[in-house]
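# Breakdown of the fold
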Amino acid sequence: MPHDHHDHLSPSGHPYRPDDDHPLTYWQQMEIAVRELLIEKGVTTAQEIAAQIDTMDARNPSHGAAVVARAWTDPDFRDDLLQDASAATREMGFDIGPMRLIALENTDTEHNVVVCTLCSCYPRNLLGLPPDWYKSRAYRARTVKEPRKVLAEFGVTLPDTTTVRVHDSTADMRYVVIPARPAGTEGWHADDLATLVTRDSMIGTGLPKSPDIA
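Bear in mind that the values here come from a model prediction, so they are computed numbers and not experimental data. (Residues numbered from 1 in each chain as written. Predicted model: local features only at pLDDT ≥ 70, side-chain atom pairs only at ≥ 80, totals over all residues. Heavy atoms only, no water.)

Looking only at helices and strands, the protein chain has ten helices and four strands in total. For the protein chain, the N- to C-terminal ordering of α and β elements is α-α-α-α-α-β-β-α-α-α-α-β-β-α. Evaluated residue by residue, the protein chain yields a buried proportion of 34% over its 214 residues. A separation of at least 24 residues holds for 60% of the contacts in the protein chain among residues at least 6 apart in sequence. Accessible surface computed for the protein chain: about 13500 Å², of which carbon and sulfur atoms make up 54%. (Helix = DSSP H or I, 4+ residues; strand = E, 2+ residues; numbered from the N terminus. Buried < 20%, exposed > 50% of the residue type's maximum accessible area, 1.4 Å probe, protein only. Contact = heavy atoms within 4.5 Å. Areas by Shrake-Rupley, 256 points an atom, 1.4 Å probe, with all protein chains shown as cover.)

Now the structure itself:
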């Protein structure tokens, strides 16, 4: 018998949510078919696929934070990063795959923000999985049309003198934003600086943490 639990909590104390059961989509069926065919042909194994999924799930923004912190403390690395981010991040031991990675530096006069207008292209090997809002149709459309308004909704209010540049990721080209180093961090070690770098600041929709509240 159906019950309306919209305004009630479950016995565990969490709000009721509708079941996520639904038929497999065409692409989900294709993925299963291709995966099982590759295993059957001996191209890969179920264990190798599971291990790769675990590796992907383990990636997180701390990798990108380490890159940003080094750029803040090592001028030569910063120059290398801005010239060829793919090579510079590989030199740090981060395998970003075959894609081209471009580093964008925020300054007092320029602020960069990243979007993927087609889907959800994102430097996952460096930042982990993209947030849900990054994949949303609203973010993908509005960031291009009204970037200042979108940034303000994320809490980033910029002066009119700051130029906002929107960068559209593609399947073979991704971006990472190098935010401006917070004031009051002179003399900080790179490991400590990395704790100030947020995921959103490397997308351009946020700022690093203040050293006073880190």
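As a further point, take the pattern of salt bridges. In this structure the tally under the stated criterion is ten salt bridges. For Lys-135, the salt bridge goes to Asp-132, with nearest N and O atoms at 3.6 Å. Remark: Asp-132 and Lys-135 occur in helix H7 (residues 132-135); sequence separation between them is three residues, near one turn of the helix. Salt-bridge contacts for Arg-142 lead to Glu-153; the nearest nitrogen and oxygen are separated by 2.8 Å. Highlighted residues: Arg-142 in helix H8 (residues 137-145) and Glu-153 in helix H9 (residues 147-153), separated in sequence by eleven residues. Several salt bridges converge on common partners, so that one network encompasses Arg-70, Asp-74 and Glu-91. (Salt bridge = Lys/Arg side-chain N within 4 Å of Asp/Glu carboxyl O.)

Leftover empty space is mapped by rolling, across the atoms, a probe with the size of a water molecule. Looking at the largest pocket, its volume works out to about 310 Å³. Along the wall of the largest pocket there are 16 residues; nearest its centre are Thr-107, Asp-108, Ala-180, Leu-207 and Pro-208. Its residues assigned to classes, the lining of the largest pocket shows eight nonpolar, five polar and three charged. (1 Å grid on protein atoms, 1.4 Å probe; cavity = no way out; pocket = protein on both sides within 12 Å on 5 of 7 lines; lining within 4 Å. Points joined across faces, edges and corners; volume = space filled by probe spheres on them. Nonpolar A, V, L, I, M, F, W, Y, C, P; charged D, E, K, R; others polar.)

One finds Leu-81, Val-114, Leu-126, Tyr-134, Tyr-139 and Ile-178 to be the most contacted residues of the largest nonpolar core, which totals 41 residues. Here the element with the most residues in this core is helix H3 (residues 62-73); it accounts for six residues. Discounting chain neighbours no more than four positions away, the residues touching Leu-126 are Asn-60, Pro-61, His-63, Gly-64, Val-67, Thr-89, Phe-94, Leu-101 and Val-176. (Core = buried A, V, L, I, M, F, W, Y, C linked by side-chain atoms within 4.5 Å.)

Before going further, it helps to examine the packing of H3 against helix H4 (residues 75-83). Where H3 contacts H4, the axes come no closer than 5 Å and their chain directions differ by 125°. In terms of axis orientation, H3 runs oblique to H4. In this structure, the crossing between H3 and H4 has a hand that is left-handed. The residues of H4 that touch H3, namely those facing Val-67, Arg-70, Ala-71 and Thr-73, are Pro-75, Phe-77, Arg-78 and Leu-81. (Axes fitted to C-alpha atoms, helices over the stretch in contact; angles between N-to-C directions. Parallel < 35°, antiparallel > 145°, perpendicular 65-115°, else oblique. Left-handed = near helix turned anticlockwise from the far one by under 90°.)

Tracing the chain through its elements places Thr-107 in the loop between strand E1 (100-105) and strand E2 (110-115). Assessed through its relative accessible area of 38%, Thr-107 is described here as partly exposed. Sequence separation between Thr-107 and Ile-178 is 71 residues; the distance between their C-alpha atoms is 9.2 Å.

Purely geometric numbers; function is a separate question.
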